[in-house]
Amino acid sequence: MKFQTKTSKEITSDTVISFIYEDKENKSPLFEYLNELSNNEIKKQLKLGIIKGKYLETFKIAINENLKVLLMGLGKSKELTRKKFSIAVSSAARSAKTISLNNSIAIELIDYSGEKDSFDKKESAIITIPAARIGLYNFDKYLSNKKPSIETLEIIEDELTQDIEKGAEIGAYISYAMNYAKDLVNEQAQVATPEYIANKAVEIAKENNLEIKVFNKKEIEEMNMNAFLAVGQGSINEPKFIHLTYKPNTTPRKKVALVGKGITFDAGGMNIKPATSMLTMKSDMTGAASVLGIIQAIAKLNSDIELHVVSALCENMTSGKAYKQGDVLKAMNGKTIEVDNTDAEGRITLADALSYCDRLNADEVIDIATLTGAVIVSLGHNITGVMGNNQEQIDKFLNISKKYCENTWQMPILDELKDNLKSEIADMKNTGGRNAGTSTAAWFLSNFTKSKSWMHLDIAGTAYLEKSNKETPFGPTGVMIRSLINYLIN
Ligand code: BES
Ligand code: MN
Ligand code: ZN
């Protein structure tokens with residue numbers, strides 16, 4: 001998709017999105033221009049009460065053969081929040097997609113100042129572009145009848161500044177990262193194998209001039225990643241371990257390691273999942289797909305941080321060779337794990353991926369993982385669980401995620417959780433009953449990093465939607481990519 005910043009008069013899209021409030025007139029140059037083109041028809045319709053500007057209320061009007069306007073209501077002018085705005089943009093884009101005939105949509109850039117929230121035009125661009133693209137997303141690779149797709153998004157601003165241009169650039173790369181990750185998650189598991197994803201990583205490295213190392217099974221063995229290897233041993237698809245590095249031209253402001261859970265299919269292993277739970281498990285590599293999206297954005301934005309992206313890629317299957325309950329696995333850092341449940345495989349692969357990161361001496365380590373069903377019980381499908389060992393890092397992240405329209409909530413990691421995972425024959429078991437499952441999993445992970453600034457994002461509930469919500473259509477969501485990129489560049 002192409003992004004262009006344009007003035008009102010330069011619009012070439014046949015469909016234009018403009019915003020209105022319930023209690024305040026829209027006086028933007030674009031709105032005035034469209035009204036003028038409509039011979040005052042838009043204002044007349046407003047006056048007649050055909051549209052009131054209530055939150056998420058839409059009104060479509062054709063001005064001439066080549067121009068249609070979609071007005072999106074933002075509600076009371078003091079009550080808007082960034083999140084509410086993002087939802088409005090996404091749903092406006094979804095609606096505009098269905099009426100555009102020249103595969104091109106224009107959207108007004110607005111700033112906002114209210115009681116609960118505010119944003120300037122630069123921030124608006126960072127929010128608007130990814131939000132619009134969330135609404136426009138399609139995955140029609142396997143459909144005979146392709147869905148209508150939008151190829152150009154025009155961002156309308158009559159007083160363009162360098163700041164706004166920068167915001168638009170950030171927004172565009174964030175949206176690109178999200179779409180990249182979503183496409184990879186949408187790909188069926190028999191195609192998106194560890195090898196396929198490792199090849200994608202190589203492609204990314206080539207295109208962006210990154211260092212890359214892909215470790216094959218033998219090299220993984222040589223690194224003593226016996227925990228990770230056990231999870232993958234039941235599959236005919238060989239595991240791969242990937243490590244990509246982006247380095248800025250100058251001394252990096254900080255060094256971050258990002259780890260993505262990369263289970264290309266989670267059948268549960270010998271503790272096989274019931275059919276309904278297994279249905280969406282091609283998405284168990286969302287963490288890996290996300291970090292591959294993110295590093296491209298960081299590179300394209302010429303960020304001043306050094307970023308390492310790491311993923312242990314394998315498939316969790318049942319077979320005569322599969323790992324079993326009661327097996328004792330020795331992770332790369334020497335700690336031993338008694339396999340209590342083969343379906344708690346993500347934490348086992350992450351144990352080795354996190355241990356690997358110890359050698360990088362990063363200032364911060366962050367993992368993103370579709371880790372526990374328990375986080376869905378606790379927080380549902382719209383909130384990501386955040387845990388870690390450094391409150392300052394967590395606070396900064398919670399704050400940034402709110403600013404960039406993603407819901408997060410911190411869950412505790414307590415030392416007492418140790419008792420849940422107590423094993424008689426190994427240093428710890430990999431599961432500890434139903435209670436506090438998300439925190440227990442995080443406590444498990446904390447044993448495999450030496451970082452004083454480690455943060456863990458449990459996206460099991462938010463990575464993949466079986467039913468659309470107001471902001472995001474069905475399927476992969478690209479969750480936390482907006483937050484992580486903004487976190488890394490700020
Ligand atoms: N990949 C799943 C977690 C998951 C569940 C992701 C639902 C997305 C949607 C993970 O590997 C898993 O199976 N976790 C188990 C752990 C349990 C056996 C302790 C779970 O949460 O049921
Ligand atoms: Mn599992
Ligand atoms: Zn899993």
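Refer to the preceding data block for the structure.
These numbers were taken from a predicted model, which means no experiment stands behind them.

Caption draft 1: Broad picture of the coordination of the manganese ion (ligand 2). The protein atoms donating to the manganese ion (ligand 2) are D266 (OD), D343 (O), D343 (OD) and E345 (OE), with metal-donor distances spanning 2.1 to 2.2 Å. Considering all 6 donor atoms around the manganese ion (ligand 2), angles at the metal cover 71 to 168° and the coordination shape is irregular. In the primary structure, the donors to the manganese ion (ligand 2) are separated according to the pattern D-x76-D-x1-E.

Caption draft 2: Expanded view of the coordination of the zinc ion (ligand 3). At the metal site, the zinc ion (ligand 3) is ligated by K261 (NZ), D266 (OD), D284 (OD) and E345 (OE), and these contacts range over 2.0 to 2.4 Å. Around the zinc ion (ligand 3), the 6 donor atoms sit at angles spanning 78 to 174°, and that spread fits a shape best called octahedral. In primary sequence terms, the donor set of the zinc ion (ligand 3) follows K-x4-D-x17-D-x60-E. Between the two metal centres, the zinc ion (ligand 3) and the manganese ion (ligand 2), the spacing is 3.2 Å, with D266 acting as a shared donor. Within this pair, whereas K261 is found in the loop between β11 (255-260) and β12 (262-266), its partner E345 is found in the loop between β15 (336-338) and α11 (346-357), the two being separated by 84 residues in sequence. When sorted by exposure, K261 lands in the same class as E345, which is buried.

Caption draft 3: Structural context of the side chain of N179. By the secondary structure assignment, N179 is in helix α5 (residues 162-186). Judged by its relative accessible area of 13%, N179 falls in the buried class. Ignoring any residue separated from it by four or fewer positions in sequence, one finds N179 in contact with R133 and Y137.

The rules behind each value
Residues numbered from 1 in each chain as written. Chains lettered and ligands numbered in written order. Predicted model: local features only at pLDDT ≥ 70, side-chain atom pairs only at ≥ 80, totals over all residues. Heavy atoms only, no water. Donors = N, O, S within 2.8 Å, 3.2 Å for Na, K, Ca; no water. Tetrahedral: all angles 85-135°; square planar, octahedral: opposite > 155°, others 65-115°. Helix = DSSP H or I, 4+ residues; strand = E, 2+ residues; numbered from the N terminus. Buried < 20%, exposed > 50% of the residue type's maximum accessible area, 1.4 Å probe, protein only. Contact = heavy atoms within 4.5 Å.

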